[in-house]
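One letter stands for each residue in the lines below.
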Amino acid sequence: RALRPLYLEDLGLAPALELLAKESGVGFTLVGTSRRVKPEIELALYRIAQESLSNARRHAQATQVEVTLAYAPHQVRLTVSDDGIGFALPEDPSVLARSGHFGLMGMNERAQLIGAQVVVDAAPGEGVAVTVTAPTT
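The model shown is predicted, which means the values in this text are computed figures rather than measured ones.

Caption draft 1: Quick look at the packing of helix 2 (residues 13-24) against helix 3 (residues 39-60). Following both chains from N to C, one finds helix 2 and helix 3 inclined at 15°, their axes separated by 10 Å at the closest point. Relative to helix 3, the element helix 2 lies roughly parallel. Relative to helix 3, helix 2 is oriented so that their crossing is right-handed. In contact with Leu13, Ala16, Leu17, Leu20 and Ser24 of helix 2, helix 3 contributes Glu42, Leu45, Tyr46, Ala49, Gln50, Leu53 and Arg57.

The following block contains the structure:
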């Protein structure tokens, strides 16, 4: 199930993310009307959500984590935010890879494959928000 989530294929991104959030014990918010988008976009966003939730669980010491999925006419936006300890973003992302932290690089690579943009808003003591915006047309 972790490698190929059937509920993603069967039900779509919004229900799959809602279930993932519930299983992770975090909040889920849907903005707009849920609709199916290309399978590669759904899978990339789902995997980025999984990685973001994993990072929050392992590193953030957060008390609140929220997954938000927003549909607009020509795009879909995923945000995973937490109120944890945050971190300082290095100017050169390869610094994270050299120290064995590949999660953010993997998110960026997945996003690039679907023509999406990733924005990581993080600062020490301020929590983290990972936002991915993907075109749907």
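Caption draft 2: Focus on the pairing of strand 5 (residues 128-135). In terms of burial, strand 5 is largely enclosed, as 6 of its 8 residues are buried. Inspection of the sheet shows strand 3 (residues 75-82) paired to strand 5 by 8 bridges, in the antiparallel sense. Bridging across to strand 5, aspartate 82 finds its partner in valine 128. Relative to strand 5, strand 4 (residues 117-122) runs antiparallel, the two being bridged by 6 bridges. Across the sheet, the residue bridging to valine 118 is valine 132, located in strand 5. With antiparallel pairing between neighbouring strands as the criterion, strand 4 and strand 5 make up a hairpin whose turn holds 5 residues, including glycine 125 at a positive phi of roughly 75°.

Caption draft 3: Just the environment of leucine 8, in detail. Turning to its location among the elements, leucine 8 is positioned in helix 1 (residues 6-11). Residues leucine 8 and threonine 79, spaced 71 residues apart in sequence, show a C-alpha to C-alpha distance of 18 Å. Apart from residues lying up to four places away in sequence, leucine 8 is in contact with Leu13, Ala16, Arg36, Glu42, Leu43 and Tyr46.

Caption draft 4: Focus on unusual backbone geometry. Even without being glycine, glutamine 61 reaches a positive phi, approximately 55°. Mapped onto the fold, glutamine 61 is located in the loop between helix 3 and strand 2 (65-72). Looking at glutamine 61, the relative accessible area reads 64%, which means it is exposed.

Caption draft 5: Examining the nonpolar core more closely. Among the nonpolar cores identified, the biggest contains 37 residues, and Leu13, Leu17, Tyr46, Leu69, Leu78 and Val132 are the most heavily contacted of them. Those elements giving two or more residues to this core turn out to be helix 1, helix 2, helix 3, strand 2, strand 3, helix 5 (103-113), strand 4 and strand 5. Per-element accounting of this core gives the leading share, 9 residues, to helix 3. The contacts of tyrosine 46, once residues within four sequence positions are left out, are Pro5, Tyr7, Leu8, Leu13, Ala16, Leu17 and Leu20.

Conventions and cut-offs
- Residues numbered from 1 in each chain as written.
- Predicted model: local features only at pLDDT ≥ 70, side-chain atom pairs only at ≥ 80, totals over all residues.
- Heavy atoms only, no water.
- Axes fitted to C-alpha atoms, helices over the stretch in contact; angles between N-to-C directions.
- Helix = DSSP H or I, 4+ residues; strand = E, 2+ residues; numbered from the N terminus.
- Parallel < 35°, antiparallel > 145°, perpendicular 65-115°, else oblique.
- Left-handed = near helix turned anticlockwise from the far one by under 90°.
- Contact = heavy atoms within 4.5 Å.
- Buried < 20%, exposed > 50% of the residue type's maximum accessible area, 1.4 Å probe, protein only.
- Pairing = 2+ DSSP bridges.
- Core = buried A, V, L, I, M, F, W, Y, C linked by side-chain atoms within 4.5 Å.

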